[in-house]
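Next come the chains, spelled out residue by residue.
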Amino acid sequence: MVAAAAAERVVAELREACAAPAARLNEVAAAMEAEMRAGLREEGGSKIKMIISYVDNLPTGNEEGFFYALDLGGTNFRVLRVHLAGKEKRVQRESKEVSIPPHLMSGSASELFGFIASALARFIADEGRSNVFEDKQRELGFTFSFPVRQTSIASGTLIKWTKAFSIDDAIGEDVVAELQTAMEKHGVDMRVAALINDTVGTLAAGRYNDEDVVIGVILGTGSNAAYVEEATAIPKFEGELPKSGNMVVNTEWGNFYSSCLPITEYDQALDEESLNPGEQIFEKLISGMYLGEIVRRVLLKIASQSMLFGNINHTKLKTRFILRTPDISAMHHDETPDLRIVAEKLADNLKISDTSLETRKMVVEICDIVTSRSARLAAAGIVGILRKIGRAVPGDERRSVIAIDGGLFEHYAEFRQCLESTLVELLGKEASRSVAVKLTKDGSGLGAALIAAAHSQH
Ligand SMILES: Nc1ncnc2c1ncn2[C@@H]1O[C@H](COP(=O)(O)OP(=O)(O)O)[C@@H](O)[C@H]1O
Ligand SMILES: O=P(O)(O)OC[C@H]1O[C@@H](O)[C@H](O)[C@@H](O)[C@@H]1O
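The name given to the protein in an unreviewed UniProt entry is Phosphotransferase, with the source organism recorded as Dichanthelium oligosanthes. Quoted verbatim from the Sequence similarities (unreviewed entry) heading of the UniProt record, the comment on the protein is "Belongs to the hexokinase family."

Structure (structure tokens):
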């Protein structure tokens, strides 16, 4: 049938453009490692910022006390109170999660930080008069999942927004000062003991339960990675060398770019129409905010080049971000014999009905091509970091654990399996035996509390 042939051609071209064989992934890993070195050499040395976190000692497990955590991520915002109980490692957590009202993502800094401070004030008010603090001031770990040039453990200026945020008057401002001002306005008496990126929190939370954790990765709405670097391997670091000899670095790998990346026409169009054109290219290839959108663009091309979906109204199909990564995850994992879930998703989201089983299989294949590329590139980024720190290379017997959080990794099984199998493929059977990947939940909460505890004034 002509329609099927035209559609097949689109899929064949997509498969070719997204191809990420081991040879190409090794080029990506080598480019990542080279960009890491350039970013450590001098500020602005690379597109990847390689931000010094001022976290130079990771949790010991002895941390004790009550600490609060604020977690501002790409789609949600949480307030937590964490009770750390030392070696027993019983961690009690009370938390409240709120979705970030979309209008706040493009409003003003004072609106956003006012929203955060008011949620914090309500959380504390709901505690009632708890005497655990007596005369001590409450302390807070602030997890802020955007690129910040840290100036100390508890201060840093916003470099730029990413994902779906774009609040111009916050750029260049100290995000802790903004929060502190908003807290004072809302009568919240609390000290920000630490400002951390969520990858640093994930690394800290991972290390709390496993001393071999050396890398923290987020694969959620956005994507990023942090790792433990030797302080002497950071030429741009001018501070006093930490006693531990280590420094956690937030790579901000989402902004990585290399000509060896498998970029398609769909990625280029998505980037041109995004809030941050030319920025975060690696993130736009691999993270949860974008995978569904890439698939939508492929389906739109098929609809415009063939009658495969019949004579449909393209309005939905032309609506950006109408197809989300949870939707393609559901289609990708559809095990019903007639791919009924695929049919439902196409009808509900895109008004594409009465598809044949062949057409549904083609849609699943498109999800698989896009998601496999994403998972394989994420694995290549991890291998680049491992090689930078001389881990999992021939002769290295040390165990290396990668702590990973984020809704994409947690909920998309095909993605997770592809990432893990690609790590084995790239590292080789021998070396990959010393590497483990661990889903590490709540680095933004527990990790922030742990780092706040390590910098407590009590
Ligand atoms: N079932 C799912 N399958 C695939 N991806 C999912 C699923 N659920 C959530 N996600 C992805 O995870 C992202 C949310 O990640 P999460 O870590 O919870 O928050 P954030 O990244 O905003 O901090 C969503 O934007 C979405 O892309
Ligand atoms: O947890 P999220 O919202 O998916 O964020 C992941 C990453 O998203 C990127 O866009 C930010 O620049 C990083 O700082 C962040 O770590």
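Before going further, it helps to examine empty space enclosed by the protein. Empty space among the atoms can be located by rolling a probe the size of a water molecule over them. All told, the structure shown has 1 cavity of 30 Å³ or more when counted by the stated rule. The volume enclosed by the largest cavity comes to roughly 60 Å³. Surrounding the largest cavity, Ile 51, Ser 53, Phe 144, Phe 146, Val 148, Gln 150, Leu 195, Ile 196, Asn 197, Val 200 and Asn 250 form its lining. Of all the secondary-structure elements, those providing two or more residues to the lining of the largest cavity are β6 (148–152) and β8 (190–196). Class assignment for the residues of the lining of the largest cavity results in 7 nonpolar, 4 polar and no charged.

Under the counting rule described, the total for this entry stands at 10 aromatic pairs. An angle of 55° between the planes, with centres 5.8 Å apart, marks the rings of Phe 77 and Phe 115 as tilted. Residue Phe 77 is located in strand β3 (residues 76–85), and its partner Phe 115 is located in helix α3 (residues 109–127); the two are separated by 38 residues in the primary sequence. Across the pair, Phe 115 and Phe 77 agree in class, each one buried. Three or more aromatic residues link up through ring pairs in this structure, and these residues are Phe 142, Phe 144, Phe 146, Trp 161 and Phe 165. Note that Lys 163 overlies the ring of Phe 146, its terminal NZ or CZ placed 4.3 Å from the centroid. Over the ring of Phe 409 we find Arg 416, and its NZ or CZ is 5.9 Å from the ring centre.

Before going further, it helps to examine a negative patch on the surface. Residues Glu 111, Asp 168, Asp 169 and Glu 173 make up a contiguous surface patch of negative charge. Within the secondary structure layout, Asp 168 lies in the loop between β7 (155–158) and α4 (175–185).

As a further point, take the site of ligand 1. Near ligand 1 you find 16 residues, and of these Gly 74, Thr 75, Thr 221, Gly 288 and Gly 407 are the closest. The contact in question runs from an oxygen atom of ligand 1 to an N or O atom on the backbone of Thr 221, over 2.8 Å. Ser 329 places a polar side-chain atom, nitrogen or oxygen, 3.2 Å from a nitrogen atom of ligand 1. For ligand 1, the protein covers 75% of the area, taking 570 Å² as the surface of the free molecule. For the shell around ligand 1, the elements supplying multiple residues, two or more each, are α8 (288–305), α9 (325–332) and α12 (407–411).

Here we come to the sheet that holds strand β12 (residues 400–405). In spatial order, the strands read β1-β11-β10-β9-β12-β13; together these 6 strands make up an open sheet with mixed pairing. Here the strands that pair on one side only, and so sit at the sheet edges, are β1 (51–52) and β13 (435–439). As paired elements, β12 and β13 share 5 bridges and run parallel to each other. Residue pairing for β13: Ala 403 is matched across the bridge by Lys 438. Across the face of the sheet, helix α5 (residues 198–209) comes into contact with β9 (213–219), β10 (223–230), β11 (246–250) and β12 while running at roughly 135° to β9.

Below, the discussion takes up the sheet that holds β3. Strand order in the open sheet formed by 5 strands is β4-β3-β2-β5-β8, with mixed pairing between adjacent strands. Whereas interior strands pair on both sides, the edge strands pair on one side only; in this sheet they are β4 (92–99) and β8. The average undirected angle you get between the axes of adjacent strands in this sheet is 20°. Sheet topology places strand β2 (residues 64–72) next to β3; 9 bridges connect them, and they run antiparallel.

Every buried residue belonging to helix α10 (residues 340–350) is among Val 342, Ala 343, Leu 346, Asn 349 and Leu 350, and all of these are buried. Looking down the long axis of α10, one finds its buried residues gathered within 160° of arc, a one-sided arrangement. Once α10 finishes, Lys 351 follows within two positions and takes phi at roughly 55°, a positive value.

Looking now at the pairing of β2. The antiparallel pairing of β2 with β3 creates a hairpin that spans 3 residues between the two strands. Bridge count between β2 and strand β5 (residues 138–144): 5 bridges; the pairing is parallel. Looking at β5, one finds that Asp 71 is bridged to Thr 143.

As a further point, take the nonpolar core. By size, the foremost hydrophobic cluster in this structure holds 89 residues, and its most contacted members are Leu 219, Leu 299, Ile 302 and Leu 419. Top contributing element to this core by residue count: helix α11 (residues 357–388), with 16 residues. Setting aside anything within four residues of it in sequence, one finds Ile 302 in contact with Ala 7, Val 10, Val 11, Leu 308, Phe 309, Met 362 and Ile 366.

So, about the site of ligand 2. Of all residues adjacent to ligand 2, which total 18 residues, the nearest are Gly 74, Thr 162, Asp 198, Glu 252 and Glu 283. One nitrogen or oxygen atom from the main chain of Phe 146 is found 3.4 Å from an oxygen atom belonging to ligand 2. In the model, an oxygen atom of ligand 2 is placed 2.6 Å from a nitrogen or oxygen of the Glu 252 side chain. Considered on its own, ligand 2 offers 400 Å² of accessible surface; in the complex 95% of this is hidden by protein. Looking at the shell around ligand 2, its residues break down into 3 nonpolar, 11 polar and 4 charged.

Cut-offs used in this document
Residues numbered from 1 in each chain as written. Chains lettered and ligands numbered in written order. Predicted model: local features only at pLDDT ≥ 70, side-chain atom pairs only at ≥ 80, totals over all residues. Heavy atoms only, no water. UniProt positions renumbered as here; feature names shortened; annotations may be inferred. 1 Å grid on protein atoms, 1.4 Å probe; cavity = no way out; pocket = protein on both sides within 12 Å on 5 of 7 lines; lining within 4 Å. Points joined across faces, edges and corners; volume = space filled by probe spheres on them. Helix = DSSP H or I, 4+ residues; strand = E, 2+ residues; numbered from the N terminus. Nonpolar A, V, L, I, M, F, W, Y, C, P; charged D, E, K, R; others polar. Phe/Tyr/Trp six-rings, centres within 6.5 Å; stacked < 30°, edge-to-face > 60°. Buried < 20%, exposed > 50% of the residue type's maximum accessible area, 1.4 Å probe, protein only. Lys NZ or Arg CZ within 6 Å of the ring centre and 35° of its normal. Patch = residues over 30% accessible without salt bridge, like charges linked within 9 Å, V, L, I, M, F, W, Y side chains within 5 Å. Areas by Shrake-Rupley, 256 points an atom, 1.4 Å probe, with all protein chains shown as cover. Salt bridge = Lys/Arg side-chain N within 4 Å of Asp/Glu carboxyl O. Lys, Arg positive; Asp, Glu negative; His and termini not counted. Charge placed at Lys NZ, Arg CZ, Asp CG, Glu CD. Near = heavy atom within 4 Å. Polar contact = N/O pair within 3.5 Å; in protein donor to acceptor, adjacent residues only side chain to side chain. Pairing = 2+ DSSP bridges. Contact = heavy atoms within 4.5 Å. Axes fitted to C-alpha atoms, helices over the stretch in contact; angles between N-to-C directions. Arc of directions from axis to C-beta. Core = buried A, V, L, I, M, F, W, Y, C linked by side-chain atoms within 4.5 Å.

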